[in-house]
Every structure is written in structure tokens, then in C-alpha cells.
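Structural description and commentary
Spelled out, the chains give:
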Amino acid sequence: MDGKIGLEEHFGTADFLHDSEGVVPADRWDELKSRILDIHDRRLRLMDEFGMEMMILSLTSPGIQEIPDAPTAIQTARRLNDYLAEQVAKRPDRFQGFAALPMQDPDAACVELERCIGALGFRGALVNGFTELGADREALYYDMPRYRPFWALMEQLGAPFYLHPRNPLPRNAGVYEGQEWLMGPTWAFGSETAVHALRLMGSGLFDEHPGLAILMGHLGEGLPYSIWRVDHHNAWAKAPPKHKAKRGLRDYFQENFYLTTSGNFHTPTLMCAIAELGADHVLFSTDWPFENIDQAALWFDAVDMSEGDRRKIGRTNAQKLFKLGGDGA
């Protein structure tokens, strides 16, 4: 399929470069570094070869979220968003941008979000999981009351929010001690992000702001397979749920969440996501540079599905959600 649009596609800069929190083997770092830094050369050639028309680019993880000093986070987010805007301006037909946000300071995050959407023309925001703050590196999750004005602004702007993974803080990762192979994309990324998403659903956020659109990668970090059980056991005791949400969490998952295929190129998993959320809430992505564009594209193009669903997932859902125009407008 030609014309595919990818949404979890990362970049870095020479002075702000991460190796996905050390999970990439040392013998792969040089290759990965070259992929992260490149935007207009190898990346574009691969896009052309495998039928990708556009990528919405985002800062590589853990990005701004690992900066514990709020003023530094604010300054760094602004600088890197400006850099991304410069890159997008070179080829706006092939690239768009997600804002990196200093969630250390919710007011500052609102200011930067408005600037990125209004002045820079970005299509939404991608935030790398919880944010660290202060000398103790407090982990801030976005169901906290301090973020309600931020979510109100996201809804007002109609800007989608991509909740991207990161590893838990070391002090919260005891279950992985001695089993470090489970960290990163193998397991910890998905587990951490799924819990964060459930926190958002249970907080009452979507009762207050029903227009919010939240994206998750990797076909939902296991939630399509588990969400029924989450609701079932909330009601199992035949008592009012202990969370603040007014409805079953599955309702919010189906209405407010969108899942991408990034880094999860497995047909049964895709079919589960479609069965749970519907083809209108699933979108194509690759997770470049951590995954390969050719593997993602060749798999997706060969999946046994209707061509109408393939077109939605590969292209038109993204056009609608991110107001990209074209045949999905």
C-alpha cells in the first residue's frame, strides 16, 4: 500500500541523544545513532521504497521527561521543538511534528503546547511517559490534579496526545532485579505505559474531557487483550468501583484511545486490537529508528484484511485525526 502515514517515528540531535535508556546493545549503538540523527537522507529513501508518504516526528525517549529541573526542561523543549519545526519546513509534504513538552511545569507545558500547535503548526504532542521532577526525581503521572488545566487545553485545541513508553524509575523496578532482560521494549515499557493509561481512564479525566484523543503504540501495550478483565474485576466484588470514573474503563478505551502498530508487527495482535476498538481507532506506525521500516511496511501490506480497513489504518485514520487533509478529510 502506498501513501502510508507513520506516527511513532523518532529523531534526536547530536547534543540531545538517548539510546532508549540504555536498552540498546552497545554493538548496535553506532547504527542506531546514525538513524536517530538522520531525517532527510536514509529515512526518506526507505519511506519512498516502502510506500510511506509521511511521518509525524517526535523526540526520542525519554526526552524532556527525564530532566528533573523544570527551567532546564522548559528551555530544552522549546529549543528542540524549534529544531523540529525547521526540519519539517524543509519537507512539509513528508514530515510533520509532535510537540515535546515540559510536563515538569503544567503551566509551561500549556504555553509550549499552544506555541507548537499555533505558531509551529505541529499536529499534537508526544510525551515519554511519566515526568521526573526535583532532586528526588519524583515521578509525575498525568492523572494528577495538577494536569487538569493541561488536559482542558488539549481538548480545546483538538490536539491528540501520544503516550509513549519509558522504563520505570530504578526505585520502582524491583520486580526486574536480576532479570534486566525484561526492561525496555521486551516488557517494562509496555507494562509501565499500560498502567499509566489505566490511571488516566480511572481518574475521571474522560468524563470531564470527553473530546480527548490519546494514542498508544505497540498495539496498545497489551490492553486490548486485558481491558475486559480490568472492568470485570472492578465489578466482581459487587461494590462501587474504587476509581473515580463514571463508566467502565473499556468505554473510555474504545472511545478516547487510538492504537498504532509501532514495533508490534504481529497479525493476531492487530486483529485483537481491531476487534476491541474497531478499525477506525487503529493506525499504522513503524517505531523508526528502533524498528525497521521495511519489516513494518511489508508485514502491514500483506496482512489479510479488507482493503478498506487497510486504507483506514494505513492512511485515512491519521488524516482525519491529525487534520492532514487529503482523502481522509
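A brief look at the structure comes next. (Residues numbered from 1 in each chain as written. Predicted model: local features only at pLDDT ≥ 70, side-chain atom pairs only at ≥ 80, totals over all residues. Heavy atoms only, no water.)

Moving on to the environment of asparagine 292. Summarising the element assignment, asparagine 292 is placed in the loop between strand S10 (282–283) and helix H11 (293–302). Owing to a relative accessible area of 29%, asparagine 292 belongs among the partly exposed residues under this scheme. Separated by 170 residues in the primary sequence, asparagine 292 and phenylalanine 122 have C-alpha atoms spaced 25 Å apart. Of the polar contacts made by the side chain of asparagine 292, one reaches the side chain of arginine 35; its length is 2.8 Å. (Helix = DSSP H or I, 4+ residues; strand = E, 2+ residues; numbered from the N terminus. Buried < 20%, exposed > 50% of the residue type's maximum accessible area, 1.4 Å probe, protein only. Polar contact = N/O pair within 3.5 Å; in protein donor to acceptor, adjacent residues only side chain to side chain.)

There is about 820 Å³ of room inside the largest pocket. What lines the largest pocket is a set of 37 residues, and nearest its centre among them are Pro185, Thr186, Gly190, His218 and Glu221. The residue inventory of the lining of the largest pocket, partitioned by class, reads 19 nonpolar, 13 polar and five charged. (1 Å grid on protein atoms, 1.4 Å probe; cavity = no way out; pocket = protein on both sides within 12 Å on 5 of 7 lines; lining within 4 Å. Points joined across faces, edges and corners; volume = space filled by probe spheres on them. Nonpolar A, V, L, I, M, F, W, Y, C, P; charged D, E, K, R; others polar.)

Let us now look at the nonpolar core. Membership of the largest hydrophobic core comes to 78 residues, with the highest contact counts inside it found for Ile64, Leu101, Phe150, Trp151, Phe161, Met201 and Phe206. With six residues, helix H3 (residues 70–90) is the largest single contributor of residues to this core. Once you skip the residues sitting within four places of it in the chain, methionine 201 turns out to touch Phe206, Leu223, Ile227, Ala245, Leu249, Tyr252, Phe253 and Phe257. Counting residues in hydrophobic clusters, the runner-up holds 14 residues, among them Leu7, Tyr162, Tyr258 and Leu321. (Core = buried A, V, L, I, M, F, W, Y, C linked by side-chain atoms within 4.5 Å. Contact = heavy atoms within 4.5 Å.)

To continue, consider the pairing of strand S7 (residues 161–164). Side chains of S7 alternate between two faces, with Phe161 and Leu163 and Tyr162 and His164 buried alike. Summarising the sheet, strand S4 (residues 124–128) and S7 pair through four bridges and their orientation is parallel. Residue valine 127 lies in a different strand from S7, and its bridge partner there is leucine 163. Here S7 runs beside strand S8 (residues 214–216); their pairing, made up of three bridges, is parallel. Residue tyrosine 162 lies in a different strand from S8, and its bridge partner there is leucine 215. (Pairing = 2+ DSSP bridges.)

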